[in-house]
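Descriptive structure summary
One letter stands for each residue in the lines below.
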Amino acid sequence: MTRRLIVGIDARSLSPQPTGVGRYVKNLVHHMAALDSEFGFRLFMPASPVGPTGSSASPDGDDDPAGEPDGIVERVVLGTPMLDRTSLWNNVFVWNHLRLPIHLSRRPVDLLHGPFYTLPALCPAPAVVTIHDITFELHPEWYTRKARLAFTGFAAASARKARHVLTVSEHSRKDIITTYGLPPDRVTAVPLAPDPQFAPVEDRGVIAEVRRRYDLGEEYLLHVGSITPRRNIDRLLEAFAGVRRRAPHLTLVLAGRVEPPSPPVEVAIRRKGLTDVVRVTGYVRPEDLPALYAGAAAVVYPSLYEGFGLPVLEAMACGVPVLTSNNSCLPEVAGDAALLVDPLDTGAIAEGIWSILSDMALRNRLTRAGLARAAEFTWERTARETLAVYRRSLSLDAPAAGAAVAS
C-alpha cells in the first residue's frame, strides 16, 4: 500500500473563539480530508495561546476539525519545556521560527502549509504559504507596531521561499505578485466560502431570541467583523446618523471585537450622539451568527480594503441584502449581488443604505442574487483547488496558471 504524503499545517489559529484564519483552517482540513486519501494532515497546535497578534489555539477548542476519516488527520500539541508557559516562550516568533521547525526536523513532513502569512525562517520542509492579503504592506498605518513586526518582511521572505503561494482573491494575487515580484505561476487564488450553517433562518423564534439576547431592537443594520481601522467604522457611523433622520427607529449593530490600534468604538459613538442606537456586541458565538444575519434589515460592510470579505458571502447565504465597497476584492466577491458604494463617500454610504431600506424591489433583487452568488462558493471547491496546489508543489501534477475567484 502506498504511503500517504503528510502535509503539516500550522494550526495555532484554531481556537474556541475562531476568527477568519481559524475558520479557514478548520474548514479546509475537514473538506480536504473528506476528498483525498493521497494526503494525511498533521495539525501543529500549541498547548496555550500564542501571541502577539491575538491568535490562539487550544487542543480542546470547539473549533477543531472533526468528523474526518480515521487516520487522515492527526493533532500534535507542541508543549513547552518544563511546563514553561511564559509569554516569551509562547511568542509567535518563537513558535514560528523555533518550536515548529525543531519539531519538523525531528518528525519530518512531506509538505508544510503555513495558513497565516508566514513560514519558519529556516524551514526544514518544502512549503506552501497562504497570504490572505498584504494590507500590512500597503497600509501599515492600520496596524500596531507588533503586528507590523510580525508580518512585514516575514511574509515577503515566506512568499519567496515557498514553493507556492496561496491567496484568497484575484485582487490579492495581483497585489502579491506586484509587491513581492513573484512569477505569476507561483501564486494561486483559491476563494473562501461561507460555512454550511449560513443559510436562511425560517424559525422566527430563533431570530427573536438572538435579537433579545443582544438587545438589538426591532429593525437593525448589521456589520460583522473585527473593528479595525480598515473597516471604516467612523464613516459608517456618520452615514448611519444621516439615515436615522429618515428612519428614527433603526439601530446599528457592530458585531466583533475592537482590535488595536482602533480606539474604543464607544468614543466615536458618543461623539456622534448615537449612544442609545448603536449596539457593540463584541465577539458573537458562531451558533448565533446565522440568526443575527437573518434578522438584519441589511448588512453594511463599507471596508476600505479586504483580502476577501467573508461576511459579505455569509450575509448573502442567509438571504440578507448587502451593501459593500466598490474597492479591493469586494466587487470580485460580491459580483452583481450587492449594492457597491465608494467607502470614502459618507453620503454614498447613507444613500445606499436608504435605498435598500426603502426600495422593496431592490431588496428582493439583492436577496435573490445574493443567495445565488453565495452558492457559487463552497469549501469543497476550496479544498479541491488547495489539494491541486499541494500536488503541484510536490511535482505530482503539471503546473497550471493561478486560479481566480469565480465571477
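Residues numbered from 1 in each chain as written. Predicted model: local features only at pLDDT ≥ 70, side-chain atom pairs only at ≥ 80, totals over all residues. Heavy atoms only, no water.

For the rest of this paragraph, the subject is the sheet that holds strand β1 (residues 5-10). What holds strands together in a sheet is hydrogen bonding between their backbones, with the strands either parallel or antiparallel. If you walk across this open sheet you meet the 7 strands as β3-β2-β1-β4-β5-β6-β7, and the pairing is parallel. Each of the sheet's edge strands pairs with one partner strand only, and the pair in question is β3 (73-78) and β7 (187-189). Here the average twist between neighbouring strands, direction ignored, is 25 degrees. Relative to strand β4 (residues 111-114), β1 is paired through 3 bridges, and the arrangement is parallel. In the strand pairing of β4, I9 is matched with H113. Along the sheet, helix α6 (residues 170-180) makes contact with β6 (164-167) and β7, crossing β7 at roughly 165 degrees. (Pairing = 2+ DSSP bridges. Helix = DSSP H or I, 4+ residues; strand = E, 2+ residues; numbered from the N terminus. Axes fitted to C-alpha atoms, helices over the stretch in contact; angles between N-to-C directions. Contact = heavy atoms within 4.5 Å.)

Read from one edge to the other, the open sheet built from 6 strands follows the order β10-β9-β8-β11-β12-β13, with strand pairing classed as parallel. In the strand order of this sheet, the two ends are held by β10 (278-282) and β13 (339-341), each with one partner. Averaged over all pairs of adjacent strands, the angle between strand axes in this sheet comes to 25 degrees, irrespective of strand direction. Two elements, strand β9 (residues 251-255) and β10, share 4 bridges in a ladder whose sense is parallel. Across the sheet, V253 pairs through a bridge with R279, a residue of β10. Contacts from helix α11 (residues 310-317) reach β8 (220-224), β11 (298-301) and β12 (322-325), with the element oriented near 165 degrees to β12.

Our next topic: the nonpolar core. Most often, soluble globular proteins have nonpolar side chains that are buried together. Core analysis: the largest hydrophobic core is formed by 103 residues, its most contacted members being F41, Y180, L222 and Y390. It is helix α1 (residues 20-35) that provides the largest number of residues to this core, a total of 7 residues. For Y390, the residues in contact, after removing those within four places along its chain, are V7, I9, M32, F39, F41, L111, H113 and V128. A239, A247, A297 and A298 belong to the second-largest nonpolar core, a separate cluster that totals 30 residues. (Core = buried A, V, L, I, M, F, W, Y, C linked by side-chain atoms within 4.5 Å. Buried < 20%, exposed > 50% of the residue type's maximum accessible area, 1.4 Å probe, protein only.)

This brings us to the environment of P343. If you trace the backbone, P343 turns up in the loop between β13 and α13 (346-358). For the pair formed by P343 and Y301, sequence separation is 42 residues and the distance between their alpha carbons is 9.0 Å. Residues contacting P343, with those up to four places away along its chain left out, are N232, R235, P302, S303, L304, S325, N326, N327 and I349.

Of note, N232 is situated in the loop between β8 and α8 (233-244). Each residue touching N232, except ones within four places of it in the same chain, is listed here: P302, S303, L304, P343 and I349.

This next bit is on the pattern of salt bridges. Scanning all chains against the criterion turns up 22 salt bridges. Note that E209 and R213 form a salt bridge whose closest N and O atoms lie 3.3 Å from each other. Highlighted residues: E209 and R213, both in helix α7 (residues 204-213), separated by 4 residues, approximately one helical turn. E287 serves as the salt-bridge partner of R285, at 3.6 Å between the closest nitrogen and oxygen. For R285, a relative accessible area of 38% corresponds to the partly exposed category. The structure contains a network of salt bridges with shared partners spanning E209, R212, R213, R285, E287 and D288. (Salt bridge = Lys/Arg side-chain N within 4 Å of Asp/Glu carboxyl O.)

What follows concerns helix α2 (residues 92-106). Taking 1.5 Å as the rise per residue, α2 with 15 residues should run 21 Å; its terminal C-alpha atoms sit 20 Å apart, in good agreement. Of all the bends in α2, the greatest reaches close to 30 degrees and is centred on L100; the proline P101 follows between one and four positions later. Those residues of α2 lying buried are V92, V94, W95, N96, R99, L100, P101, H103 and L104. Contact partners of the buried residues in α2: β1, β2 (39-46), β3 and β4. (Expected span 1.5 Å × (residues − 1). Bend = angle between axes of the 7 residues up to and from the residue.)

Before going further, it helps to spend a moment on the packing of α8 against α13. Two numbers describe how α8 lies on α13: the axes approach to 8 Å, and their chain directions differ by 50 degrees. Classified by the interaxial angle, the pair formed by α8 and α13 is oblique. For the pair α8 and α13, the sense of crossing is right-handed. Across the interface between the two elements, R235, L236, E238, A239 and V243 of α8 pack against T346, I349, A350, I353 and L357 of α13. For the contact of α8 with α13, the class distribution of residues is 7 nonpolar, 1 polar and 2 charged. (Parallel < 35°, antiparallel > 145°, perpendicular 65-115°, else oblique. Left-handed = near helix turned anticlockwise from the far one by under 90°. Nonpolar A, V, L, I, M, F, W, Y, C, P; charged D, E, K, R; others polar.)

Cis geometry marks the peptide bond from P260 to P261, where omega comes out at 10 degrees. With respect to the secondary-structure elements, P261 resides in the loop between β9 and α9 (265-271). A positive phi angle, near 80 degrees, is found at Y117, a position not held by glycine. Within the element layout of this structure, Y117 appears in the loop between β4 and β5 (127-130). For Y117, a relative accessible area of 9% puts it in the buried group.

A few words now on the packing of α1 against helix α15 (residues 379-393). Packed helices, taken two at a time, are described by the angle their axes make and the gap between the axes. Here α1 crosses α15 at 75 degrees, and the two axes come no closer than 8 Å. For the element pair α1 / α15, the angle class is roughly perpendicular. Across from R23, Y24, N27, L28, H31, M32 and L35 in α1, the residues of α15 making contact are W379, E380, T382, A383, R384, T386, L387 and Y390. The class makeup of the residues in the contact of α1 with α15 is 8 nonpolar, 4 polar and 3 charged.

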